[in-house]
There are 2 protein chains.
Amino acid sequence: MGNEMNQEKNLEKNLETKRKVWKLALLGFGNAGQAFAKMLLDHEEEIASSYGAKMVVTAIATGSRGNLVCGSGSGLADGAEDAVEAADEAGIDLRRALADVESPAGKFTDATALTSMTTMEIVEQADYDILVEMTPLNIKTGQPAIDHIRGALRRGKHAITANKGPIAWSYRSLRDMAKEAGVRFYYETTVMDGTPVFNLAEHTLRLARVTEVSGILNSTTNFILEELAAGAEYEDIMRRGREMGFIEADPAMDIEGYDAAAKITALLNVLMDAGMTPDQVDRKGIEDISTVDIQEATSRGKVIKLLCRGWRDADGTVHASVKPTEVDRSDMLASIDSTTSIVSITTDLMKKLSVVEHQPEIEQTAYGIFGDVLRVICE
Amino acid sequence: MGNEMNQEKNLEKNLETKRKVWKLALLGFGNAGQAFAKMLLDHEEEIASSYGAKMVVTAIATGSRGNLVCGSGSGLADGAEDAVEAADEAGIDLRRALADVESPAGKFTDATALTSMTTMEIVEQADYDILVEMTPLNIKTGQPAIDHIRGALRRGKHAITANKGPIAWSYRSLRDMAKEAGVRFYYETTVMDGTPVFNLAEHTLRLARVTEVSGILNSTTNFILEELAAGAEYEDIMRRGREMGFIEADPAMDIEGYDAAAKITALLNVLMDAGMTPDQVDRKGIEDISTVDIQEATSRGKVIKLLCRGWRDADGTVHASVKPTEVDRSDMLASIDSTTSIVSITTDLMKKLSVVEHQPEIEQTAYGIFGDVLRVICE
């Protein structure tokens, strides 16, 4: 029996050593980060069998739950280098981290990994292969996410962002930094979660030139406009949206069109190399749309949607707008309801294509990050 | 001057020799084949600069215009081997072939390439790297397209089909043959032209399992149902559809749902490894839909669409149906008008995504083939 067990252990160890280990540093561990961590755990075996890889999380930085860096915690004696190495290969105990954030205190408790390192120190010093940037967004600057990604690329690490700020504010410079460093920089989840939008254009529309991009990209305003049209009161709509989890405590960024402007900018920067920033978008939110406006539109067979659009003019400059727009009730755009979203891409060779994401939940955001990580390890 | 010209010629020759030459054999040279040939010519420089490649067509097989095989024509003296080699690298004069089919006689005239070889002899004997199968479809058998593709794969050649028959009737065996031969077998254009459907799932939905596929996939029936709902007479609709070029002389294959059944089968074979054939689809066309049915549906706020659907049951078997189905006027499916089409893919990790192709023309079919060829040369 003892021998058999040893043999099994050896076999396991052999299988283990054949797998390439990828170390992930997670910046942010909110709803999306937790859903991503669960997806990693749920797919451990498939990642091994499909890609011969093993993913371990070696660092987690959060705003209020504490920071974890694998093997750097106070639980280890000074100079115990072997232990630190071993800890790195196993990674942080992700199940424990998930249990911690769901506990009443909501704080990390793993003394072997708890660290006083700041987020930026983690970016610059922790041991990882792929940085996953999921910190809260400052939509008006893209920071501190941009600095986090720069820090990772500077060290020759791959970077993935779920945060649209860096793509809206600094896409070209980050893309070029990644290229020079010979590493990957992916961002699929920044617009329409894991719905293939950036990947679609890159992988499936070879030699086709994007001439126009449009869509309905902000769920909050789409939900509010739809509920107003159905006769609901503004305050009731906001309360229900908050309960359903997709209206923020302060919804101004959505309602005034800043979120939509950042998303169309991100799309145009990647798909049309626009080199734009969100403040260049001709932006108008839904704050001035009244119930009367909506009723009048309805009486004319129209629906008001917050439409995003970007196009190239004759001299090559890319322009963008975010505006409440009337569309025919029979138009596909009118059927984009509640948290569903759509992006339409027009190219010289394939005319207009649209991609629709139907009523996503947090798992679809997590999948966008997961898909980007899989792309790093298998391309 | 002479020296300069020589230097230029040498430079050109150097650039030329650096490019990898890919030889294409085109089976079928109808509207799609001609549009594809024009796309090749229009993108010669971009193919060179982006992929360091040069594409030449070394054979064209047609039903009624004659067959061309590069360098095999009667115009060459017997035993002129050097000339044959040179001809192969330059390929058939594609501009002349295009002019020929647009001429009143509509027959190929290039004596250096005209051949008495049959289509199957071309498949089995001509010099090519990639077979492009675009022959007219026998939707009830998938032949002779399946034999053409088998012939190419048997010789270790890459194969691309614009013909849905092979994917609907023989996908697994062709896929396995290609895999064993270590060559590529692509078919993006068989459903929704160059719209990324197969590529989308393969390139952008890693580790996601497809659980359901649905859509509106047949333009002819979609157009007829829409026109009937608008009050048009059946005979007028058919005449206009024929004038617009998307209703066949004998529209039975569309109207009775055979085309839609072949398309949903192709989708399910690739996306869900269904191993099905079109005769296993629970199929009902629009032949029994009357104006009265449509009016009644309209009065209830509904629209009738020919809906395709495939799903996996609890024991793992994939089922499929094609049926006239009432959908709400506010449903996205109701907005799919005239020749627009939609496919929705539901996966465990990304829930439901839809892809829409808006009113395609023949160039979009050609782009599907073009994209597949680019995929062969650059992956």
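Refer to the preceding data block for the structure.
Note that this is a predicted model, so its numbers are computed, not measured.

Caption draft 1: Representation of the overall build of chain A in the model. Each helix and strand in chain A was counted, giving 15 helices and 13 strands. Along the first, second and third principal axes, the C-alpha set of chain A runs to 80 × 50 × 40 Å. Split into buried and exposed, the 379 residues of chain A put 55% on the buried side. Considering only contacts in chain A between residues 6 or more positions apart, those separated by 24 or more positions represent 72%.

Caption draft 2: Looking closely at the sheet that holds strand S3 (residues 67–69) of chain A. Residue and element names in this part refer to chain A. Strand order in the open sheet formed by seven strands is S4-S3-S2-S1-S5-S6-S7, and the pairing between neighbours is mixed. Looking along the sheet, the strands with just one partner apiece sit at the ends: strand S4 (114–115) and strand S7 (185–186). Of the pairings in the sheet, the one linking strand S2 (residues 53–61) to S3 comprises two bridges and is antiparallel in character. Within S3, the residue paired with Ile60 across the bridge is Leu68. Strands strand S1 (20–27), S2, strand S5 (130–133), strand S6 (158–161) and S7 of the sheet are contacted by helix H15 (residues 362–378), whose axis makes an angle of about 160 degrees with S6.

Caption draft 3: Region of interest: the relation of the copies chain B and chain A. The two copies are related by a screw motion: chain B maps onto chain A through a turn of 180 degrees and a shift of 0.0 Å along the axis, at an RMSD of 0.0 Å. The relationship between the two copies is best expressed as a two-fold rotation axis. Looking at the rotation axis and the C-alpha trace of chain B, the residue lying nearest is Val355(B), at 2.3 Å. Interface residue correspondence from chain B to chain A reaches 100%, placing this contact among same-surface, isologous pairings.

Caption draft 4: Expanded view of the packing of aromatic side chains. Summed over all chains, the structure comprises ten aromatic pairs over all chains. For the ring pair Phe29(A) and Phe108(A), a centre distance of 5.9 Å and an interplane angle of 55 degrees mean the geometry is tilted. You can see Phe29(A) sitting in the loop between S1 and helix H2 (31–42) and its partner Phe108(A) sitting in the loop between helix H5 (94–102) and S4, a full 79 residues away along the chain. As far as the burial class goes, Phe29(A) and Phe108(A) line up, both buried. Taken together, the ring pairs in this structure connect Tyr171(A), Phe185(A), Tyr187(A) and Phe198(A) into an aromatic cluster. Here Lys157(B) stacks its cationic end above the ring of Tyr128(B), 5.7 Å away from the centre of that ring.

Caption draft 5: Representation of the pairing of strand S1 (residues 20–27) of chain B. Residue and element names in this part refer to chain B. Among the eight residues in S1, seven count as buried, and that is most of the element. By the bridge criterion, eight bridges tie S1 to strand S2 (residues 53–61) in an arrangement that is parallel. Note on S2: the bridge partner recorded for Leu26 is Ile60.

Caption draft 6: Inspection of the pattern of salt bridges at higher detail. Residue and element names in this part refer to chain A. Within this structure, the stated rule accounts for 42 salt bridges over all chains. Among the ionic pairs, Arg175 bridges to Asp176, the shortest N-O distance being 3.1 Å. The class for Arg175 is partly exposed, based on a relative accessible area of 27%. Lys263 is the partner of Asp259 in a salt bridge, and the nearest nitrogen-oxygen pair spans 3.0 Å. Linking Asp259 with Lys263, this pair stays in helix H13 (residues 258–271), spanning four residues, or about one helical turn.

Caption draft 7: Layout of the environment of Glu357(B). Relative to the helices and strands, Glu357(B) resides in strand S13 (residues 351–357). When the C-alpha atoms of Glu357(B) and Gly194(B) are compared, they prove to be 9.0 Å apart, with 163 residues separating the residues in sequence. Sequence-distant contacts of Glu357(B), defined by excluding residues within four places in its chain, comprise Met350(A), Lys352(A), Leu353(A), Met192(B), Asp193(B), Gly194(B), Thr195(B), Thr339(B), Thr340(B), Ser341(B) and Gln364(B). Reaching out from Glu357(B), the side chain makes a polar contact with the side chain of Thr195(B) at a distance of 3.4 Å.

Caption draft 8: Inspection of unusual backbone geometry at higher detail. Residue and element names in this part refer to chain A. Cis rather than trans, the peptide bond between Gln143 and Pro144 has omega equal to 0 degrees. By the secondary structure assignment, Pro144 is in the loop between S5 and helix H7 (145–154). A positive phi angle, near 50 degrees, is found at Asp193, a position not held by glycine. Among the structural elements, Asp193 can be located in the loop between S7 and helix H9 (198–204). Looking at Asp193, the relative accessible area reads 14%, which means it is buried. We note that Ser338 has phi near 40 degrees; this positive angle belongs to a residue other than glycine.

Caption draft 9: Focus on the interface of chain B and chain A. Chain B puts 45 residues into the contact, and the matching count from chain A is 45 residues. Interface area for chain B against chain A, summed over the two sides, is near 3800 Å², with a carbon-plus-sulfur share of 62%. On the chain B side of the contact with chain A, Arg206(B), Leu207(B) and Tyr367(B) bury the most area, a combined 20% of that side's loss. Between Glu46(A) and Arg209(B) there is a salt bridge, with its nearest N and O atoms 3.1 Å apart. On the surface where chain B and chain A come into contact, there are 19 residue pairs in polar contact (both at pLDDT 80 or more). Elements with a minimum of two residues in the side of chain B that touches chain A: helix H3 (44–51), helix H9 (198–204), S13 and helix H15 (362–378) of chain B. Take the side of chain B that touches chain A: its biggest share by element is eight residues, from H15(B).

What counts and what doesn't
- Along each chain, residues carry numbers from 1 onward, in the same order as the chain's sequence is written.
- Each chain is given a letter, starting from A, and each ligand a number, starting from 1, according to the order in which they appear as written.
- Thresholds applied to this predicted model are a pLDDT of at least 70 for local features of residues and 80 or more for the giving and counting of side-chain atom pairs; totals over whole chains, interfaces and linings are not thresholded and use all residues.
- As a rule here, side-chain values cover all heavy atoms of the structure and leave hydrogens and water aside.
- Under the DSSP-based scheme used, a helix requires at least four consecutive residues in state H or I and a strand at least two consecutive residues in state E, with every element numbered from the N terminus.
- Exposure classes here rest on a 1.4 Å probe applied to the protein chains alone. A residue is buried below 20% of its type maximum, exposed above 50%, and partly exposed in between.
- Should any heavy atoms of two residues lie within 4.5 Å, those residues are considered in contact.
- DSSP-based pairing: two strands are paired if at least 2 bridges between them are found.
- Axis definition: a line fitted to C-alpha atoms, over the contacting stretch in the case of helices. Angles run 0 to 180 degrees between N-to-C directions.
- When the copies are overlaid, the least-squares fit takes in C-alpha atoms only where the residue has pLDDT of at least 70 in both copies.
- Centres within 6.5 Å are what make two rings of Phe, Tyr or Trp a pair, Trp counting through its six-membered ring; a difference in plane orientation under 30 degrees is then read as stacked, over 60 as edge-to-face, and the rest as tilted.
- Cation placement over rings: the criterion is NZ of Lys or CZ of Arg within 6 Å of the ring centroid and within 35° of the ring normal.
- For this analysis, a salt bridge means a side-chain nitrogen from Lys or Arg found within 4 Å of a carboxyl oxygen belonging to Asp or Glu.
- Whenever a nitrogen or oxygen atom comes within 3.5 Å of another N or O atom, the pair is scored as a polar contact, on the condition that within protein one atom can donate a hydrogen and the other can accept it, and that pairs from neighbouring residues in sequence are kept only if both atoms are in side chains.
- When two parts are put together, the accessible area they lose, computed with a 1.4 Å probe and summed over both, is reported as buried area.

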